[in-house]
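Summary of the model geometry
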Amino acid sequence: MFIGVLLVITWLILLLRYPAKALPVSVAAAIGLGVVATWVIWADNREVKQLARLELRITYAPEQCPADRPLKLTMNNGNDVPLTELRWRVAAYAPGDTVNLADNQYAAPRYRGPGELQAGASWDDCLPIPPLRPGYRPQTLEFRAERLQGNFAD
């Protein structure tokens, strides 16, 4: 933090003392910083749009999955590029409620998607239930994937 403040103060002194030499360098640095910021914002928006095209459905299905992993996940990659990595958290909600009933602690399971999911392909898997707040049964809750983080092939 101190180094950053020192650099800004030094830059201002140089700009005031030697404007003919410091101004072109400052303009070039500002343009370079603007290009990098534009590229980062574009890449972030592209990733958000690609994650929005993923269709994830999580249902409580103990009859279709093993007892230790009773949540059925169905994922469809609606993008035109392959999904290479995906991580998320499972949230649990009572019908019509907005309070997450999953206790997302450090010991909660970590959810990861398939290694690579081709464009337009589907993937099914069974997941463990996250720890729930006391007094709630999984068969009465709706489960959703939240905090998606993923990478796509270019």
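Before any of the text, the structure's been laid out above.
Residues numbered from 1 in each chain as written. Predicted model: local features only at pLDDT ≥ 70, side-chain atom pairs only at ≥ 80, totals over all residues. Heavy atoms only, no water.

This part is about the overall build of the chain. From N to C terminus, the chain includes two helices and six strands. Its helices and strands taken in sequence order, the chain reads α-α-β-β-β-β-β-β from the N to the C terminus. Seen through its principal axes, the chain has C-alpha atoms that stretch 75 × 40 × 25 Å. By the burial criterion, 28% of the 154 residues in the chain qualify as buried. Summarising the internal contacts of the chain: among those between residues at least 6 apart in sequence, 68% fall at separations of at least 24. As displayed, the chain has an accessible area near 10,400 Å², and 61% of this comes from carbon and sulfur atoms. Counting 16 positive and 15 negative side-chain charges, the chain places the averaged centre of each group 9 Å from the other. (Helix = DSSP H or I, 4+ residues; strand = E, 2+ residues; numbered from the N terminus. Buried < 20%, exposed > 50% of the residue type's maximum accessible area, 1.4 Å probe, protein only. Contact = heavy atoms within 4.5 Å. Areas by Shrake-Rupley, 256 points an atom, 1.4 Å probe, with all protein chains shown as cover. Lys, Arg positive; Asp, Glu negative; His and termini not counted. Charge placed at Lys NZ, Arg CZ, Asp CG, Glu CD.)

What follows concerns the nonpolar core. Residues Met 75, Trp 88, Val 90 and Phe 143 are the most contacted members of the largest nonpolar core, which totals 23 residues. For this core, the elements supplying multiple residues, two or more each, are strand 1 (54-60), strand 2 (71-77), strand 3 (83-93), strand 5 (122-127) and strand 6 (142-152). Counting residues per element, this core draws most heavily on strand 3, at five residues. (Core = buried A, V, L, I, M, F, W, Y, C linked by side-chain atoms within 4.5 Å.)

Another point: the packing of aromatic side chains. Under the criterion given, the structure shown has one aromatic pair. Seen in terms of ring centroids, Trp 88 and Tyr 111 are 6.2 Å apart; in terms of plane orientation they differ by 15 degrees. Their pairing is stacked. Placement of Trp 88 in strand 3 and of Tyr 111 in strand 4 (residues 111-112) is noted, with a sequence separation of 23 residues between them. As far as burial versus exposure is concerned, Trp 88 and Tyr 111 are alike and both buried. (Phe/Tyr/Trp six-rings, centres within 6.5 Å; stacked < 30°, edge-to-face > 60°.)

Before going further, it helps to spend a moment on unusual backbone geometry. Backbone geometry places Arg 147, a non-glycine residue, at a positive phi of 55 degrees. Mapped onto the fold, Arg 147 is located in strand 6.

A full pass over the atoms with the stated rule returns one disulfide. Each sulfur of the disulfide joining Cys 65 and Cys 126 lies 2.2 Å from the other. On the S-S bond that ties Cys 65 to Cys 126, the torsion sits near -75 degrees, and the link is left-handed. Of this pair, Cys 65 sits in the loop between strand 1 and strand 2 while Cys 126 sits in strand 5, and the two are 61 residues apart along the sequence. You can call Cys 65 buried: its relative accessible area is 8%. (Disulfide = S-S within 2.5 Å.)

Here the focus is the environment of Gly 115. In this structure, Gly 115 sits in the loop between strand 4 and strand 5. Separated by 32 residues in sequence, Gly 115 and Leu 83 have C-alpha atoms that sit 8.1 Å apart.

Right, let's talk about the packing of helix 1 (residues 2-17) against helix 2 (residues 19-52) for a bit. Running from amino to carboxyl end, helix 1 crosses helix 2 at an angle of 130 degrees, the nearest separation of the two axes being 6 Å. Taken together, the axis directions place helix 1 and helix 2 in an arrangement best described as oblique. Together, Trp 11, Leu 14, Leu 15, Leu 16 and Arg 17 of helix 1 and Pro 19, Ala 22, Leu 23 and Ser 26 of helix 2 make up the contact between the two elements. Residues belonging to the contact of helix 1 with helix 2 are distributed by class as follows: seven nonpolar, one polar and one charged. (Axes fitted to C-alpha atoms, helices over the stretch in contact; angles between N-to-C directions. Parallel < 35°, antiparallel > 145°, perpendicular 65-115°, else oblique. Nonpolar A, V, L, I, M, F, W, Y, C, P; charged D, E, K, R; others polar.)

Let us look at the pattern of salt bridges. Once the charged atoms of two side chains with opposite charge are near each other, the side chains can pair. Under the defined criterion, the tally for this structure stands at five salt bridges. Note that Arg 87 is salt-bridged to Glu 85, the shortest N-O span being 2.6 Å. As a salt-bridge pair, Glu 142 and Arg 144 come within 3.5 Å of each other at their nearest N and O atoms. Within the structure, one salt-bridge network assembled from shared partners comprises Glu 85, Arg 87 and Arg 112. (Salt bridge = Lys/Arg side-chain N within 4 Å of Asp/Glu carboxyl O.)

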